[in-house]
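Each chain is listed here by its residues.
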Amino acid sequence: MKKLLIASTALVGMASMASAQGSGVLNILDWGGAYGASHAVAYNAPFEAETGIRITVADADNPATPIKAMVEAGNVTADVASVEYADALRLCDEGALETIDLSVLKPGPDGATPEDDFLPGALTDCFVATDVWSMVMAYDDSKFPDAKPSTPADFFDTAKFPGKRTLRKGAKFNLEFALMADGVAPADVYDVLATPEGVDQAFAKLDTIKGDVVWWEAGAQPPQLLADGEVTMAYAFNGRIFNAAIGENKPFNIVWTGQVYEMEGWIIPKGAPNKDNALKYIAFTTEAERLARAAELISYGPTRKSSSGLVGNVDGKDIPMSPHLPTTPGNIEQGINSNADFWVDHDSELSERFNAWLAS
């Protein structure tokens, strides 16, 4: 998602990192854009102030790509990087990452252990999640003055809620969303989708609105399609809808029922020159208060349960941020965590079927 926000500056940053080795430095590979800016304020500045460790940041369209390349080349210059969950699992399986000693993580404010405080799946051998973003249903409130869409089933009901829809061009997210719209309980979605009958069910549901869908590929498209009146509903990145609604005062509402959320977070590449500092940084930035502060700067939810009650207003605005986060109690229960293992096993076949379905 972040690759849509920035142009890569990784090569320039890597050169800077190569000259920044030593016990008092930390080299971070990040995504840039609004996401990287949130890290600079919530994490980097206070970490430098508290530890005296100097941070150098380089940005990449997807930090997983240069991490893999530098490990394979035996020339690792990054100490810590922000990556998506699926990339962390893959790189860990390939032996490209250091194992993270989870004992360095701080307990929650109430004394809860990290294992209990972090969301399920947020901690793995090589990965500590920092935030959650999601694919959500959204609609233009001005187009529905009376009854409001409130469920995935409403998204597929063009008789009750007229207008075009926009969906991401691809199998992932859409198949899960279609099953939830067809009455499958969120907890059962991947069990159903793992069967031939479940796949057929998902595509049959998509068939019901195929003629009313405008397909999007770039994250900026759904809010623009809504604003231009080309569609009345979208299934889109929550951050894009939030920015349009709060930042640009567009009449867009998010429906959390049916969301599919994913995590991203920190990894340490194999052979990181300042591994000890990387561990200090990961421990510092994943304290409940730090994660809450980051969530005030960008509408991605914190990965600790204890952080939810610590999130204040949208940075610079008199608007509470919590209602706009995927992880807020009352929101997160209405969707599902994207199953990375499922998509590793089935992405190729389901994408092939989706493309054939779309062309038929």
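The residue numbers shown here count from 1 along each chain, following its written sequence. Thresholds applied to this predicted model are a pLDDT of at least 70 for local features of residues and 80 or more for the giving and counting of side-chain atom pairs; totals over whole chains, interfaces and linings are not thresholded and use all residues. Each side-chain value is derived from all of the structure's non-hydrogen atoms; neither hydrogens nor water enter the calculation.

Draft legend 1. Representation of the overall build of the protein chain within the structure. Regarding its fold elements, the protein chain presents 14 helices and 11 strands. C-alpha atoms define the radius of gyration, and 2.2 Å times the number of residues to the power 0.38 defines the globule rule. Scaling as 2.2 N^0.38, a compact globule of 360 residues should have a C-alpha radius of gyration of about 21 Å, and the protein chain matches this with 21 Å. In the protein chain, which comprises 360 residues, the share counted as buried stands at 54%. Within the protein chain, residue pairs in contact and separated by at least 24 positions form 75% of the contacts whose partners lie at least 6 positions apart. Only the protein chains shown count as cover for residues, with accessible areas throughout obtained via the Shrake-Rupley method and a probe of 1.4 Å. A total accessible area of about 14300 Å² is found for the protein chain, and carbon and sulfur atoms account for 50% of it. Residues scored as positive are Lys and Arg, those scored as negative are Asp and Glu, and His as well as the terminal groups of each chain are ignored. Throughout, a charge is located at the NZ atom of Lys, the CZ atom of Arg, the CG atom of Asp or the CD atom of Glu. The positive charge centre, built from 27 side chains, and the negative charge centre, built from 50, are 4 Å apart in the protein chain. Each helix is a run of DSSP H or I of at least 4 residues and each strand a run of E of at least 2, with the numbering of both proceeding from the N terminus. Whether a residue is buried, partly exposed or exposed follows from its accessible area with a 1.4 Å probe, protein chains only, as a fraction of its type maximum: under 20%, in between, or over 50%, in that order. The criterion used for residue contact is that any of the two residues' heavy atoms lie within 4.5 Å.

Draft legend 2. Representation of the domain arrangement of the protein chain. Throughout the structure description, domain borders are defined by an automatic or database domain assignment. What the domain assignment lists for the protein chain is domain 1 (21-126 + 268-329) and domain 2 (134-262 + 339-359). Distance from the C-alpha centre of domain 1 to the C-alpha centre of domain 2: 29 Å. Across the contact, 13 residues belong to domain 1 and 9 residues belong to domain 2. Carbon and sulfur atoms make up 68% of the area that domain 1 and domain 2 hide from each other, which totals about 900 Å². When the buried area of domain 1 at its contact with domain 2 is split by residue, Ser299, His324 and Pro326 rank highest and sum to 46% of it. The working definition used for a salt bridge is a side-chain nitrogen of Lys or Arg within 4 Å of a carboxyl oxygen of Asp or Glu. Linking domain 1 with domain 2 are 0 salt bridges. Polar contact is defined as a pair of N or O atoms within 3.5 Å, subject to the rule that within protein one atom must be able to donate a hydrogen and the other to accept it, and that residues adjacent in sequence are counted only when both atoms are side-chain atoms. Summed over the shared surface of domain 1 and domain 2, the number is 3 residue pairs in polar contact (both at pLDDT 80 or more). Grouping the amino acids of the side of domain 1 that touches domain 2 by side-chain chemistry returns 10 nonpolar, 2 polar and 1 charged. Buried area: the accessible area, evaluated with a 1.4 Å probe, that two parts lose upon being put together, summed over both parts. Put simply, Ala, Val, Leu, Ile, Met, Phe, Trp, Tyr, Cys and Pro go in the nonpolar bin, Asp, Glu, Lys and Arg in the charged bin, and everything else, Gly too, in the polar bin.

Draft legend 3. Region of interest: the packing of helix α2 (residues 33-51) against helix α12 (residues 275-285). Contact geometry of α2 with α12 gives a least axis separation of 10 Å together with a crossing angle of 120 degrees. The angle between α2 and α12 places the two elements in the oblique class. In the crossing of α2 with α12, the sense of the turn from one axis to the other is right-handed. Together, Tyr43, Asn44, Pro46, Phe47 and Glu50 of α2 and Asn277, Lys280, Tyr281, Phe284 and Thr285 of α12 make up the contact between the two elements. Looking at side-chain class alone, the contact of α2 with α12 contains 5 nonpolar, 3 polar and 2 charged residues. As a rule, the C-alpha atoms of each element are fitted with a line to give its axis, helices using only the stretch in contact, and angles between N-to-C directions run from 0 to 180 degrees. Working rule for angles: under 35 degrees goes down as roughly parallel, over 145 as roughly antiparallel, 65 to 115 as roughly perpendicular, anything else as oblique. What makes a crossing left-handed is the near helix being turned counterclockwise from the far one by less than a right angle; a clockwise turn instead makes it right-handed.

Draft legend 4. Molecular detail of the packing of aromatic side chains. Two rings from Phe, Tyr or Trp (for Trp, the six-membered ring) form a pair when their centres are within 6.5 Å of each other. A pair whose planes differ by under 30 degrees is stacked, one over 60 is edge-to-face, and the rest are tilted. Throughout the structure, instances matching the rule amount to 21 aromatic pairs. Relative to Phe284, the ring of Phe47 has its centre 5.4 Å away and its plane inclined at 65 degrees; by these criteria the two rings are edge-to-face. Placement of Phe47 in helix α2 and of Phe284 in helix α12 is noted, with a sequence separation of 237 residues between them. A single burial state applies to Phe47 and to Phe284, both of which are buried. An aromatic cluster of at least three residues, connected via ring pairs, comprises Tyr43, Phe47, Trp266, Tyr281 and Phe284.

Draft legend 5. Representation of the nonpolar core within the structure. We define a nonpolar core as any set of buried Ala, Val, Leu, Ile, Met, Phe, Trp, Tyr and Cys residues linked to one another through side-chain atoms lying within 4.5 Å. Leu26, Ile67, Val80, Ile267, Tyr281 and Ile282 are the most contacted members of the largest nonpolar core, which totals 46 residues. In terms of residue count, α12 provides more of this core than any other element does, 5 residues in total. In contact with Leu26, not counting residues within four places along its chain, are Phe47, Ile53, Arg54, Ile55, Thr56, Asp79, Val80, Asn274, Asn277, Ala278 and Tyr281. Of all hydrophobic cores here, the second largest spans 44 residues; its members include Leu167, Ala181, Val213 and Tyr300.

Draft legend 6. Geometry of the side chain of Asn238. By the element assignment, Asn238 lies in helix α11 (residues 238-247). Those residues within four positions of Asn238 in sequence are excluded, and the remaining contacts are Trp133, Ser134, Val136, Ile254, Trp256, Ser299, Tyr300, His324 and Pro326.

Draft legend 7. Highlighting unusual backbone geometry. In this model, Phe173 sits at a positive phi of 80 degrees, which is unusual for a non-glycine residue. Residue classification places Phe173 among the buried residues on the basis of a relative accessible area of 2%. A positive phi angle, close to 60 degrees, is found at Asn249, a residue other than glycine. Among the secondary structure elements, Asn249 is positioned in the loop between α11 and β9 (252-267). The exposed category is assigned to Asn249, whose relative accessible area is 65%.

Draft legend 8. Fine view of the state of the cysteines. In this description, the term disulfide denotes a pair of cysteine sulfurs within 2.5 Å. On inspection of all chains with the given rule, the structure shows 1 disulfide. One disulfide bridge connects Cys92 with Cys126, the sulfur atoms lying 2.0 Å from each other. Looking along the S-S bond of the Cys92-Cys126 disulfide, the torsion reads about 45 degrees, which is the right-handed sense. With Cys92 in helix α4 (residues 85-93) and Cys126 in the loop between β4 (123-124) and β5 (127-140), the pair connects residues that are 34 residues apart, well separated along the chain.

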